[in-house]
Amino acid sequence: MKPRDLPLNTDLSLIMHIDLNSCFATTEQQARPLLRDRPVAVVNRRTFHTAIITASYEAKARGVKMGMKVNEALKLVPELIVVETDPQKYHFVYKKLLGIMRSYSPNVVMKSIDEGVIDFSDTHRTINTSNLWAIGIEIKQRLKGEVGNYMKCNIGIAPNRFLAKTAAGMNKPDGLTQIDHNNLYDQFTKLKLTDLTGIARRNEAKLHAVGIKTPLDFLNTDEMTLSRLVFKGKPGRDWYRRLRGYEVDAAPTKMGIVGRQYVLESKGLSREEVLRRLHFLCQSTAEKLRFKNKQARGVVVFASPRRFSKGWGVRYLAKEPFCSTEEIYEKVKTLFASAPAAAEIRIIGVTCYHLSDLNKRQPHLWDIPVGLNESLNSTIDAINYKYGSHSIQVADTLGLEKIMKQKIPFGSTRYFELI
Amino acid sequence: MQDEIEMNEPAEVIAAFRRGKKYNCWPVRFVFKNREVEVKEVGLAYPIRKNGALHHIFDITDGQADYRLELNTARLVWYVTREADHYEAT
């Protein structure tokens, strides 16, 4: 059969995508009953200029969106209740959700703080013999029973990860939707191109350029057009298969960079003060690297006058891998010498790249004794893990942990344990 | 913005213990700052680690305000760590 004649996948729907609705806001409404049925926005810092991380359905219904500044949102909804993120609370809910999901299959992958995928392919015949629709209803009930009655989740069921996520995005809040070969065309008529995961403005423009205006047009486009005209090569072929329900997204994502950025808390900090904050970022980055059992060879330091602006940045690729705070800071300090004046800087960041698995490193001839650095790092990490982060830290950064609190990043669960 | 007070106020607590319920233990009534509060609902209860000790957090309400009660299991003492009562605006 030629690839362009590929029919829709008629296999059983054994992929379930679970998405907690407006996770942080719903968790706050669960924890604090008086917030229920009210417009709530969750932010990292309660200031008028901070960006909203998530909003409750009541706030969303009135136009409040993720990423919107608090003062803009207050103009739309004057009675908006703004609450700060509470990572430990979300960690608890995350663990509960993960526990529920893992009770059905060992093949569970959390995509972010509030969404995960259960692959029933290997367990359906022996363990979970009931259909996935019934399991979906059961998971919703368990979430309410084990976390709280106000918790809601959207569940999507499909033969592949892409369609399961698409289904989970429908019928919000508290929806349960299945997409398979029987209803794929019907379901696609309800969607816009940008409702599909992976199709944002740029890809939408590419599709529009060849006359693809809707998900149905997309589905009906032949493989040749997608792989030659729209996405160039394998991505186009993947889209062709993905839209028909075949799995192309099962491979785990590889971690490419580790880092942290920080919006300076005030203007007019001296160069030394900015360097201290960079030192603190190096410390966080080194902790994250070691937490993921990684080491890096490359480091980037950047500084910009405002968010999303290009700003200044330089990178350095070392011969030997590194993972300690001082090794990163040593390079960052040298690189930062060519940075613009401190008065022009609003945002700073440190990112490590060229990652590899952390292993015993070849000791340098003139370096400190073999293994001393590694055992010192692991001891510090163990103490900080047991007694709380920053129980032991670099003297230069003392006190900064109160200002530069590690907040919830948009979506990521990679370093939840470190918060 | 809204009023939300962080504090670390010792509290005297009457708690219920019953195995098999959603929570094995939950506060029923407490006194802090010479005020008596009756717990109408436990929104969420979860454990955290603080300075190496296990604390149980109870996010609760009396119907007028939301409170956060913390039980330090190492010292077996209760604290009110937050009070939020900014809901009249609507």
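That block above? That's the structure.
Keep in mind that this is a model prediction, so the values were computed, not measured. (Residues numbered from 1 in each chain as written. Chains lettered and ligands numbered in written order. Predicted model: local features only at pLDDT ≥ 70, side-chain atom pairs only at ≥ 80, totals over all residues. Heavy atoms only, no water.)

Visitor: I keep staring at the overall build of chain A and nothing clicks. Help me out?
Guide: Along the backbone of chain A there are 15 helices and 12 strands. Its C-alpha atoms give chain A a radius of gyration of 24 Å, near enough to 22 Å, the size a compact globule of 419 residues would have. Considering only C-alpha atoms, chain A reaches an extent of 65 × 55 × 45 Å along its principal axes. When the 419 residues of chain A are sorted by exposure, 51% land in the buried category. A gap of 3 Å separates the mean positions of the 64 positive and 43 negative side-chain charges of chain A. (Helix = DSSP H or I, 4+ residues; strand = E, 2+ residues; numbered from the N terminus. Rg over C-alpha atoms; globule rule 2.2 N^0.38 Å. Buried < 20%, exposed > 50% of the residue type's maximum accessible area, 1.4 Å probe, protein only. Lys, Arg positive; Asp, Glu negative; His and termini not counted. Charge placed at Lys NZ, Arg CZ, Asp CG, Glu CD.)

Visitor: Please clarify how unusual backbone geometry should be interpreted in this entry.
Guide: Of all residues except glycine, most have a negative phi; of all peptide bonds, most are trans. Note the cis peptide between Lys172(A) and Pro173(A), where omega equals -10 degrees. Mapped onto the elements, Pro173(A) comes out in the loop between helix H6 (161-168) and strand S8 (176-178). Positive phi is not limited to glycine here, since Leu76(B) has a value of about 55 degrees. With respect to the helices and strands, the residue Leu76(B) is situated in the loop between strand S6 (66-72) and strand S7 (77-84).

Visitor: Would you take a moment to explain the nonpolar core for this structure?
Guide: Residue and element names in this part refer to chain A. Ranked by internal contacts, the top residues of the largest apolar core, which has 42 residues, are Met 16, Ile 18, Ile 118, Phe 120, Ile 139, Leu 143 and Ile 155. The leading source of residues in this core is helix H4 (residues 87-102), at 8 residues. Ranked by size, the runner-up nonpolar core spans 34 residues in total, among them Val 301, Phe 322, Ile 328 and Cys 352. (Core = buried A, V, L, I, M, F, W, Y, C linked by side-chain atoms within 4.5 Å.)

Visitor: Which parts of the structure should I look at to understand the pairing of strand S6 (residues 115-119) of chain A?
Guide: Consecutive side chains along a regular strand alternate between the two faces of the sheet. All names here are of chain A. With respect to burial, S6 is a largely interior element, 5 of its 5 residues being buried. Side chains Glu 115, Val 117 and Asp 119 project from S6 onto one buried face, and the interleaved Gly 116 and Ile 118 project onto a second face that is buried too. Summarising the sheet, strand S1 (residues 15-20) and S6 pair through 5 bridges and their orientation is antiparallel. Bridged to Asp 19 within S6 is Glu 115. One ladder, built from 4 bridges, connects strand S5 (residues 108-112) with S6; its direction is antiparallel. By the bridge assignment, Val 109 is partnered in S6 with Val 117. Linking two consecutive strands that pair antiparallel, namely S5 and S6, is a turn of 2 residues. (Pairing = 2+ DSSP bridges.)

Visitor: What should I look at first to understand the pattern of salt bridges in this one?
Guide: For side chains of opposite charge, pairing can occur when their charged atoms come near one another. Taken as a whole, this structure holds 29 salt bridges over all chains when the rule is applied. A salt bridge links Lys140(A) to Asp174(A); the nearest nitrogen and oxygen atoms lie 3.0 Å apart. On the criterion of sequence distance, the pair formed by Lys140(A) in helix H5 (residues 132-146) and Asp174(A) in the loop between H6 and S8 is long-range, its members being 34 residues apart. Across the pair Glu38(B) and Arg29(B) runs a salt bridge whose closest N-O atoms are separated by 3.9 Å. Here the residues in one salt-bridge network are Glu28(A), Arg32(A), Asp86(A), Lys89(A), Glu4(B), Asp59(B), Arg68(B) and Arg82(B), joined through shared partners. (Salt bridge = Lys/Arg side-chain N within 4 Å of Asp/Glu carboxyl O.)

Visitor: Explain the sheet that holds strand S11 (residues 312-322) of chain A here, please?
Guide: One key point about sheets: their strands pair by backbone hydrogen bonds, in either a parallel or an antiparallel sense. All names here are of chain A. Taking strand neighbours across the sheet as the criterion, the 4 strands line up as S9-S12-S10-S11 in an open arrangement whose pairing is antiparallel. Whereas interior strands pair on both sides, the edge strands pair on one side only; in this sheet they are strand S9 (258-263) and S11. The sheet shows a mean angle of 10 degrees between the axes of neighbouring strands, taken without regard to direction. Pairing of strand S10 (residues 294-304) with S11, which is carried by 7 bridges, proceeds in the antiparallel orientation. Within the sheet, the bridge partner assigned to Gly 298 lies in S11 and is Leu 317. (Axes fitted to C-alpha atoms, helices over the stretch in contact; angles between N-to-C directions.)

Visitor: What exactly am I supposed to notice about the interface of chain A and chain B here?
Guide: Interface extent is often summarised as the accessible area lost during association of the parts. Each side of the interface is counted separately: chain A has 30 residues, and chain B has 28 residues. Its largest share of buried area at the contact with chain B, chain A owes to Arg32(A), Leu34(A) and Arg46(A), together 28% of the area lost on that side. For the pair chain A and chain B, the interface holds 4 salt bridges. Note that Glu41(B) and Arg36(A) form a salt bridge whose closest N and O atoms lie 3.0 Å from each other. For the interface between chain A and chain B, the tally reads 4 residue pairs in polar contact (both at pLDDT 80 or more). Listing elements by their share of the side of chain A that touches chain B, those giving two or more residues are helix H1 (23-31), strand S4 (81-84), H4, H5 and helix H14 (372-387) of chain A. (Contact = heavy atoms within 4.5 Å. Buried area = accessible area lost by both parts, 1.4 Å probe. Polar contact = N/O pair within 3.5 Å; in protein donor to acceptor, adjacent residues only side chain to side chain.)

Visitor: What is the right way to read helix H12 (residues 271-291) of chain A from this model?
Guide: It helps to recall that an α-helix has 3.6 residues per turn; residues three or four apart then point in one direction. Residue and element names in this part refer to chain A. With 21 residues, H12 ought to run about 30 Å at 1.5 Å a step, and its terminal C-alpha atoms sit 30 Å apart, in line with that. Counted residue by residue, H12 has 17 buried out of 21 residues, so it is predominantly covered. The positive-phi residue at the C-terminal boundary of H12 is Asn 293, with phi of around 55 degrees. (Expected span 1.5 Å × (residues − 1).)

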